[in-house]
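Survey of secondary and tertiary structure
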Amino acid sequence: MYWADAGLKAIHKVDFLNEASIATILKGTSPAVQGLAADWLNQNLYYTDAYYNWIGLFNTNSSHRHVVVQTGLDRPQGIAVHPSRGQIFWSDWGREPKIERATLSGQDRTVLVNNNIQRPHGMAIDYVRNRLYWADSELDIIGSLDLDGGTQSVYHYSPGTKYYDIAFDGMGILATEQLGHKLHVIVEGDDVIEAQLSAEPHGVGFYHESRQQWEESKYTREISSFTIPTDCQMSNGGCQHTCVGDPTGHRCLCLLGYSLGDDNHTCVEDIGLPSVALLFSSDTGAYWLPHDLADIPQDVLSSVSLGTLLSGMRILAMDINYAGKMLFYTRQGVDGTQEIYRRSLLNDPNDVSRLIYTGGGNIEGIAVDWVASNIYWTDRSHGNIQVSRLDGSFRKAIVSGLDQPLGVAVHPREGLLIWTETGAAPRVARATLAGTETRTLLVFGLSVAQPKGLAIDFLEDRIYWVDGYHGTVQSCDIDGQNLVSYPPIANADLSGITIYKDYVIMTDSDNQRLIFGLRQHDGQFVVHRIVSGLGTRLHNVRMYDGHEQLSLPGPCDEDNGGCGDLCLPVPSGKVCACGEGRIMQLDGYNCGLNVPVTATPQAPVVTTTTTRQPSTTASTTQQPSTITSTTRRPSTTTSTTRQPSTTTSTPRQPSTTASTTRQPSTAASTTRQPSTTTSTTPQPSTAASTTRQPSTAASTARRPSTIASTTRQPSTIASTTRRPSTADSTTRQPSTATSTTLRPSTTTSTTRRPSTTASTTRKPSTTTSTTRLQTTSTSTTTLQPSTATATSPPTFGNTCPDGQSLNFDLSSDSIDGRVFIDLTLTATDSEGTPIHVDGSVSLPGYVNYDPRTQHWEFRAVDKWGRTTTCSFDVTILDTHPPTILDCPGNITMVMATDGVTVTWDAPRAVDNSGRDVTLTASKDPGSRFYFSDPEHVVTYTARDIAGNTATCDFWIILKSASSTCLEEDLPIVSNGAFGTCAVSDGVKMCPVACNTGLSPSSQRIRCQPDGQWEGGVYVCNRK
């Protein structure tokens, strides 16, 4: 027989055949092991631990221990095992009560029950009928369903019993009742036996061979008179460490610090740090302790050797990346500034700490976003929060203007960044992981609080921080609501904090110790253990466990979200950002060192007059050109390399003007003789003219010109994005052409798409003329935007309620406060092509309830970088009052004296918003009541966050014991009778009525405080 010992934090066993064989088989559990279940086929013992929030396994042959389930648990309770099916079942009564099933190795988890359940505890299995039973101490029922999750039913209901544990004896259920100290035997739903016990019962079991039949197993076959063993009974299934049953046969498990080999049987030792450990930083380095928090001795150095990660340096802040097995930490540089280093945790002798950032000032908080692979840190001196990739590249300050920021934490699932400040107005604040939507969650006065290090409970979505002023811990939810302050710890200088399962672990710097708090079921926590003797001032603390950094899908998963530098998650998706000194390019994804040069959709009309005289050398003199404008107006072409032309610009001579248009058309060819006419014979060309004459196509002038504009307006010719294009070559080679023939290209495409029709590459021209006769030509060129350039921004069409205020209703049957917004926003570019829409939320889809009016903004960006926004206000209306559960019934108190204390179980309230409900009462349990108010109504009022209220009433009725006498117990009146009885001032009295002509010896009879009529003889005599 096995049982859990809460005081010693251990599991013991005893052999029924040898009562003296009591032995401790497992140490290091928490005090909250709630359920035990034995797999008799494979010799494994399973247990639930409600403080560590995991399901453990102990092999009774090898004494190996494992954790088979430890994610998504919130105070697991009862457990049952079905070896022949290879499955375990357990109950969980945390924030979302449920019953789950998994294989014996913890795989293939399935939720079987999550409704009509509140506080499930003990569990039992009927192996013949394949049904699961459980006790619910809140609903006072024993529930039942088949092992596949179907046909759920109530097997037994008895109000007020609060069943705790159950067992199945083959015919019915044995159930313990703690409140009444009773044991019940329930057969076919009827309570047939109720035994009164002398003490409060807990667990119950039924000892009989029929409950553990070997021949039921899939893995055994009855042949004649002996049984073939299971896989795990034959050489441990070939497993190096532990063998567990499985629906398909068996599975091997490896001890902590080992990983399963490729053959799925051998175990390979992990390199470096154990897979689970407690890490802390200090004035002398960074160290680690074993993960068995309940067993860490109070004086560490006297009994446990600290594991050393780094030594000989003061480390204020640190964090880990479990998947990458990396430690990030700060240390002081030679110049006195703070530096951030990255080091492998694999103990690779060839790996050294790598500097990823220098020049910081008082960096006291580091947080790793393990999903998007970014690192954040606070800089107290510079008053900002910075972010970079995990290798330190593309560093950027994303939140500035802060007043002494200290602690920092990330919530990747929600896309949130949270930090503390300890300046003139200490506060806890948050923003998105991109540094946007900054908001204060809580603000304090200097004499009230000094928030320092902080941590997030990802299961409860609560923020915890240590208060250095009071030496205590406070917490709130991620919206800043429901602030809870925990009792102060005497003389503690709290600095760092981390949350692990139900443990709140803090560093006490001045006293050189670790403090372990243990959260209770009511949300409070008590100091569970203080570990001292560490010999150094402690700063930061972290739990190294892969289950604390679960892999989540994120918007930056694939190719860094398409971002060239930083991909920063936000609740609605992601934001691409550039490192310091780098500039976002037109595509909204890539970054560069140069400002992107763009052209506007409108272009001026430029008139050029040129005179070309013979020249055999290239003039390098930058003389004013007739095509140079002193007005900085955008042009449809851009020269990016200013090299001297091989053609000399000469003074202009009068000439008549031939107007040409820069559209795909034929060129205006001129003769090589002085002429005042222009031939209009079209000569198509597949490339832009490469002649380095003063031209509207490629100006080399260094002065402001309408041809070579350096304005930052959208350009359709020379894009500086990283996308390859054959249409916009930026190579500028000197041309050897001295042709006086102006042949405009038949196309001047300005689109960014690859094109072979508008190359601006300056290669030697093949149209060099050997006749250098003076030619005078005048052209008036109208520069118009290409038809391939966007001339208008994207449009949302009729899908955008821009500037409107929309209302949505929160349904009464909602339980998590989520509202489905059935609104679809679509956008198209100027070509009618649909484009993606990003915004505050993802639509259509679910959004969380907020009683305030929310401002939503959505953005559509086309391929040319043009942006259109759509914004509107949204209000989610909650008109449904909260629901009060378990409202007490009327209470009648019978008193012998005036004044009585009345207690009752307070009701609870839930709301469709999923938020906490404020519950107030006109009287609290334990109040005193008096005869002056014999019938008092007690009212509970529940108010939700939207202001809706609900009430429940019940009456406290006071009765004197002197009013409880029964009239049928009245004595006999000789020669008369008692009249109508009445209660006056709490005392019941009955008058004596005599026969005619007679008078009573006593006028009335009174009820005594003991509930009995007063004694005496009542006789009617003659007057």
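As shown above, the structure is provided for reference.
Model, not experiment: these values are computed from the prediction.

Quick word on the overall build of the chain
The helix and strand inventory of the chain stands at one helix and 79 strands. Looking at the 1023 residues of the chain, the share that counts as buried comes to 50%. Taking contacts inside the chain between residues at least 6 apart in sequence as the whole, the part at least 24 apart equals 52%. Here the chain displays about 46,700 Å² of accessible surface, and carbon together with sulfur accounts for 48% of that area.

A short note on the packing of aromatic side chains
Enumeration over the complete set of coordinates arrives at 17 aromatic pairs. Taking 4.5 Å as the distance between ring centres and 40° as the angle between the ring planes, the aromatic pair formed by Y322 and Y544 counts as tilted. Taken together, the positions of Y322 in the loop between β29 (318-321) and β30 (326-332) and Y544 in strand β49 (residues 538-545) put the pair 222 residues apart, joining distant regions of the chain. Note on accessibility: Y322 and Y544 belong to one class, buried. On the numbers, 5.5 Å between centres and 70° between planes, the contact of F978 with Y1018 is edge-to-face. Here the residue F978 occupies a position in strand β74 (residues 976-978), and Y1018 occupies one in strand β79 (residues 1018-1022), the gap between them amounting to 40 residues.

Some remarks on a nonpolar patch on the surface
On the surface, a nonpolar cluster with roughly 390 Å² of combined accessible area is contributed by M1, F16 and Y207. Topologically, F16 is positioned in the loop between β2 (10-15) and β3 (18-27). The class of F16 is partly exposed, set by a relative accessible area of 41%.

Let's talk about the environment of N590
Locating N590 in the fold gives a position in the loop between β52 (583-584) and β53 (591-592). It is 6.0 Å that separates the C-alpha atoms of N590 and C563, two residues lying 27 residues apart in sequence. Separated by 2.4 Å, the side chains of N590 and D587 make a polar contact.

Describing the sheet that holds strand β38 (residues 416-421)
On the basis of which strands lie adjacent, the open sheet formed by four strands has the order β37-β38-β39-β40 and antiparallel pairing. Each edge of the open sheet is held by one strand with a lone partner, namely β37 (405-411) and β40 (439-443). Across the sheet, the mean angle from the axis of one strand to that of its neighbour is 20°, orientation sign disregarded. Of the strand pairs in this sheet, strand β39 (residues 427-432) and β40 are connected by four bridges, and their pairing is antiparallel. In the sheet register, R427 faces β40, and the bridge partner there is V443.

Observations regarding the state of the cysteines
Evaluated as defined, the whole model comprises 11 disulfides. Bridging C578 to C591, the disulfide has an S-S length of 2.0 Å. Across the S-S bond linking C578 and C591, the dihedral sits near -85°, which makes this disulfide left-handed. With C578 in the loop between β51 (573-577) and β52 and C591 in strand β53, this residue pair connects regions lying 13 residues apart in the sequence.

A few points about the pairing of strand β50 (residues 566-570)
Here β50 lies mainly inside the structure; five of its five residues are buried. What you see with β50 is no split at all: L566, L568 and V570 on one side and C567 and P569 on the other are buried throughout. Where β50 meets β51, five bridges bridge the pair, whose relative direction is antiparallel. Counted as the bridge partner of C567 is C576 from β51. If you look at the hairpin formed by β50 and β51, you'll find two residues sitting between the two strands.

Here we look at the pattern of salt bridges
Enumeration according to the criterion identifies 24 salt bridges in this entry. Here R513 makes a salt bridge to D508, at a shortest N to O gap of 2.6 Å.

Some details on the side chain of S475
In this structure, S475 sits in strand β43 (residues 472-477). Taking relative accessible area as the criterion, S475 reaches 0% and is therefore assigned buried. Side-chain polar atoms of S475 contact the side chain of Y486, separated by 2.9 Å. The residues touching S475, leaving out its near neighbours within four places in the chain, are R462, I463, Y464, W465, N482, L483, V484 and Y486.

A look at the environment of I22
Position of I22 among the secondary structure elements: in strand β3. Under the relative-accessibility criterion, I22 is labelled exposed at 54%. Sequence spacing of I22 and H12 is 10 residues, and the spatial spacing of their C-alpha atoms is 7.0 Å. Residues in contact with I22, not counting those within four places in the same chain, are W3, K13 and V14.

Here we look at the environment of D319
By the secondary structure assignment, D319 is in strand β29. A C-alpha to C-alpha distance of 9.4 Å links D319 and M543, two positions 224 residues apart in sequence. D319 has contacts with M326, L327, F328, I366, A367, V368 and R542, leaving out every residue within four places of it along the chain. Polar side-chain contacts of D319 include one of 2.8 Å to the backbone nitrogen of V368.

Observations concerning unusual backbone geometry
Trans is the prevailing form of peptide bonds, just as negative phi is the prevailing case for residues other than glycine. Residues other than glycine seldom take positive phi values, yet N362 does so here, at roughly 55°. One can find N362 in the loop between β32 (354-360) and β33 (365-369). Notably, E437 is not glycine yet its phi reads approximately 55°, a positive angle. Mapped onto the fold, E437 is located in the loop between β39 and β40.

Overview of the pairing of strand β36 (residues 396-399)
Here strand β35 (residues 384-389) runs beside β36; their pairing, made up of three bridges, is antiparallel. Each bridged residue has a counterpart across the sheet, and for Q386 the counterpart in β36 is A397. Here β35 folds back onto β36 in antiparallel fashion, the turn holding six residues, of which G392 has a positive phi close to 90°.

A closer look at the sheet that holds strand β45 (residues 494-500)
In space, the four strands of this open sheet follow the order β45-β46-β47-β48, with antiparallel pairing throughout. Each edge of the sheet is formed by a strand with only one pairing partner; in this case those strands are β45 and β48 (525-531). Neighbour to neighbour, the strand axes of the sheet diverge by 25° on average, direction disregarded. Pairing analysis gives six bridges linking strand β46 (residues 503-508) to strand β47 (residues 513-519), with the strands arranged antiparallel. Looking at the pairing, M506 lines up with I515 of β47.

Rules of the game
Residues numbered from 1 in each chain as written. Predicted model: local features only at pLDDT ≥ 70, side-chain atom pairs only at ≥ 80, totals over all residues. Heavy atoms only, no water. Helix = DSSP H or I, 4+ residues; strand = E, 2+ residues; numbered from the N terminus. Buried < 20%, exposed > 50% of the residue type's maximum accessible area, 1.4 Å probe, protein only. Contact = heavy atoms within 4.5 Å. Areas by Shrake-Rupley, 256 points an atom, 1.4 Å probe, with all protein chains shown as cover. Phe/Tyr/Trp six-rings, centres within 6.5 Å; stacked < 30°, edge-to-face > 60°. Patch = residues over 30% accessible without salt bridge, like charges linked within 9 Å, V, L, I, M, F, W, Y side chains within 5 Å. Salt bridge = Lys/Arg side-chain N within 4 Å of Asp/Glu carboxyl O. Polar contact = N/O pair within 3.5 Å; in protein donor to acceptor, adjacent residues only side chain to side chain. Pairing = 2+ DSSP bridges. Axes fitted to C-alpha atoms, helices over the stretch in contact; angles between N-to-C directions. Disulfide = S-S within 2.5 Å.

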